[in-house]
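# Residue-level structure breakdown
Listed here are the chains, written in short residue letters.
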Amino acid sequence: MAGRPGRTGRGGSQTGAGDLLELVRSGRATTRGALQQATGLSRATVGQRLDRLFRAGWLREGAGGPVDSPRGGRPSITLEFDGSHAVVLAADLDTRHARAAVLTLTGELLAEHSGTLVVEDGPESVLGELGRWFGELLEKAGHRAEEVCGIGLAVPGPVDSETGRVVQPPIMPGWDGYDIRGRLSRALPEHTGASTVPVLVDNDANLMAYGEQRTGHRDCSAFVLVKVSTGIGAGVVVDGSIYRGIDGGAGDIGHIRVGAEALCRCGSYGCLAAVASGGAVARRLAGAGVPAASGSDVRDLLAAGHPEATALAREAGRQVGDVLATVVTLLNPGVLMIAGDLAGTPFLTGVRELLYQRALPRSTAHLDVVTSQLGERAALVGAGALVVEHLYAPDRAEERLAALGV
Ligand SMILES: [Zn+2]
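Going along each chain's sequence as written, the residues are numbered from 1 onward. Only residues with pLDDT of 70 or above have their local features reported here, since the model is predicted, and side-chain atom pairs are shown and tallied only from 80 upward, although totals for entire chains, interfaces and linings are computed over all residues. In computing side-chain properties, one takes all heavy atoms of the structure into account and sets aside hydrogens as well as water.

As named in an unreviewed UniProt entry, the protein chain is Sugar kinase, taken from Streptomyces brasiliensis. UniProt positions are given in the numbering used here, feature names are shortened, and annotations may be inferred rather than shown by experiment. Recorded under Sequence similarities (unreviewed entry), the UniProt text for the protein chain is reproduced unchanged: "Belongs to the ROK (NagC/XylR) family."

Take a look at the structure:
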């Protein structure tokens, strides 16, 4: 990065205040000297652009104090993104349960709530209730609605990321094409600037993958997360960005046909989710007289070491592992993370058995198969991070600085 004066591409805008912020936020350049080196700008110009960021309250001098310059001379002060000048609201909807939080811009959780929220009740009811949760959480966190700079929402279905609308979701009746952004931006009580708050909606597995990759696997340029709960879905993060495909359909592996007879919630027969999800394992357990109705019931049985649940989870892992052999062959990821209700030792053992047996050695030689680090908070963290990346990307940061008049 160092010593590249006159970078071309976007002309003068390449090294605006938004670009300097990006360099600081990513940790690539965190002193005035390093910013000069990275951009080729003069000390005075860097100073002017940083002043705009200081005036906006987006940047501050590091808490660590002056750092000695490696070449001696004047000590240079480290700069850091000030994550306290606004807050983000994030929520993760599951089929019968939801989780919501207020986060700082650097991803710190300020207040959190989880409870029953049934996605089948439809968007009006669910998003109205979520708005009430957000109001209470803001109060608990000691922040006003005016301080909210954006809202991120994870949903258990395919999303058109351009419009933020859910597209033909198999398990979200009444949500197809619904204007989630419009509804949520009006959800906050007494929010004077409601129309200006961006609402980003994405699939839950995508946001879990994004949250986990940024938190614990930042160096991994090809990251895959598979969520196995009541359904099955996957999120793919390539070069630090969510890979969604052309229509937001990438990663929807739960409806790949595996040739079984079972009826899936999508209306087809033989989908992977119909035979190897938490829901499918629960149905088999119920058929054998073990009380279980959902992925979370299976999780509880697995935690208690229930022998039939353990055997069925391992078999489900083998079936998912068979499909993942194809996924891994296509993408050659560095990390394959298993998350969701079934993500424990028996399921992981099953995945590994089939994966290493079916995939080419070259595509698994440097593959780490791991479990989630963020657990049930992964999608919340990912949703918050997506909002921040959207708002502080160089071009949008420039626009917002101009709108602030700094
Ligand atoms: Zn299906």
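### Quick word on the sheet that holds strand E5 (residues 109-116)
When DSSP finds two or more bridges between two strands, those strands count as paired. Each helix is a run of H or I in the DSSP string that is no shorter than four residues. Each strand is a run of E no shorter than two, and both are numbered from the N terminus. Reading across from one edge, E5-E4-E3-E6-E9 is the order of the five strands in this open sheet, with mixed pairing throughout. On the outer flanks of this sheet lie E5 and strand E9 (199-203), each paired with one strand and no other. The average angle at which neighbouring strand axes cross in this sheet is 15°, direction not considered. The pairing of strand E3 (residues 87-93) with strand E4 (residues 97-104) spans seven bridges and is antiparallel. When the bridges of E4 are listed, Leu93 appears paired with Ala98. Each axis is a line fitted through C-alpha atoms, taken for helices only over the stretch in contact, and angles between the N-to-C directions span 0 to 180 degrees.

### Description of the packing of helix H8 (residues 278-287) against helix H9 (residues 295-303)
Taken N-terminus to C-terminus, the directions of H8 and H9 make an angle of 70°; their axes are 7 Å apart at the nearest point. In terms of axis orientation, H8 runs roughly perpendicular to H9. Here H8 contributes Gly278, Gly279, Val281, Ala282 and Leu285 to the contact with H9, which in turn contributes Gly295, Val298 and Leu301. Here the contact of H8 with H9 is composed, by residue class, of five nonpolar, three polar and no charged. Just so you know how the angles are binned, under 35 degrees is roughly parallel, over 145 roughly antiparallel, 65 to 115 roughly perpendicular, and the rest oblique. Whether two residues are in contact is decided by their heavy atoms: any pair within 4.5 Å suffices. Gly falls in the polar group here, along with every residue not listed as nonpolar (Ala, Val, Leu, Ile, Met, Phe, Trp, Tyr, Cys, Pro) or charged (Asp, Glu, Lys, Arg).

### Observations concerning the packing of aromatic side chains
Side-chain rings of Phe, Tyr and Trp (the six-membered ring for Trp) are treated as a pair once their centres are within 6.5 Å; stacked means planes under 30 degrees apart, edge-to-face means over 60, and tilted covers the remaining angles. The full count for this structure, using the stated rule, is two aromatic pairs. Seen in terms of ring centroids, Phe81 and Tyr392 are 5.1 Å apart; in terms of plane orientation they differ by 70°. Their pairing is edge-to-face. With Phe81 in strand E2 (residues 76-81) and Tyr392 in helix H13 (residues 378-392), this residue pair connects regions lying 311 residues apart in the sequence. Assigned by exposure class, Phe81 and Tyr392 land together as buried. These aromatic residues form a ring-pair network of at least three members: Trp58, Phe81 and Tyr392. The ring of Phe81 carries the charged tip of Arg25 above its face, separated from the ring centre by 5.2 Å. When accessible area is computed with a 1.4 Å probe and restricted to protein chains, residues below 20% of their type maximum are described as buried, those above 50% as exposed, and intermediate ones as partly exposed. Counting as a charge over the ring demands two things of the Lys NZ or Arg CZ atom: a distance within 6 Å of the ring centre and an angle within 35 degrees of the ring normal.

### Here's the deal with the environment of Cys149
Mapped onto the fold, Cys149 is located in strand E6 (residues 148-155). Residues Cys149 and Val88, 61 residues apart in the sequence, show an inter-C-alpha distance of 5.9 Å. Apart from the residues within four sequence positions on either side, Cys149 is in contact with Ala86, Val87, Val88, Leu105, Val197, Pro198 and Leu391.

### With respect to the sheet that holds strand E12 (residues 241-242)
The strands that make up a sheet pair up through hydrogen bonds in the backbone, lying either parallel or antiparallel. Pairing is mixed in the open sheet, where five strands are placed in the order E12-E11-E10-E13-E14. Each of the sheet's edge strands pairs with one partner strand only, and the pair in question is E12 and strand E14 (368-371). In this sheet, E12 lies alongside strand E11 (residues 232-238) in antiparallel orientation, the contact comprising two bridges. Directly across from Val237, in E12, lies its bridge partner Ile242. Sheet strands in contact with helix H10 (residues 307-331) are strand E10 (222-228), E11 and strand E13 (335-339), and its direction is about 160° off that of E10. Where helix H11 (residues 345-358) meets the sheet, it contacts E10, E13 and E14, and its direction lies at approximately 165° from that of E14.

### A look at the pairing of E6
A large share of E6 lies buried, amounting to eight of its eight residues. As paired strands, E3 and E6 are joined by six bridges and run parallel to one another. Each residue of the ladder has a partner; that of Val88, found in E6, is Gly150.

### Considerations on the coordination of the zinc ion
A donor here means an N, O or S atom no more than 2.8 Å from the metal, or no more than 3.2 Å when the metal is Na, K or Ca. Since water is not included, a site may seem to lack partners. Around the zinc ion, the protein contributes the donor atoms His255 (ND1), Cys264 (SG), Cys266 (SG) and Cys271 (SG), at 2.0 to 2.3 Å from the metal centre. One can describe the site at the zinc ion as tetrahedral: its four donor atoms subtend angles covering 106 to 121° at the metal. Read in sequence order, the donor residues for the zinc ion give the motif H-x8-C-x1-C-x4-C. A relative accessible area of 33% places Cys266 in the partly exposed class. The exposure class assigned to Cys271 is buried, which follows from its relative accessible area of 1%. In short, tetrahedral needs four donors with all angles between 85 and 135 degrees, square planar needs four and octahedral six donors with opposite donors over 155 degrees apart and all other angles between 65 and 115, and whatever is left is irregular.

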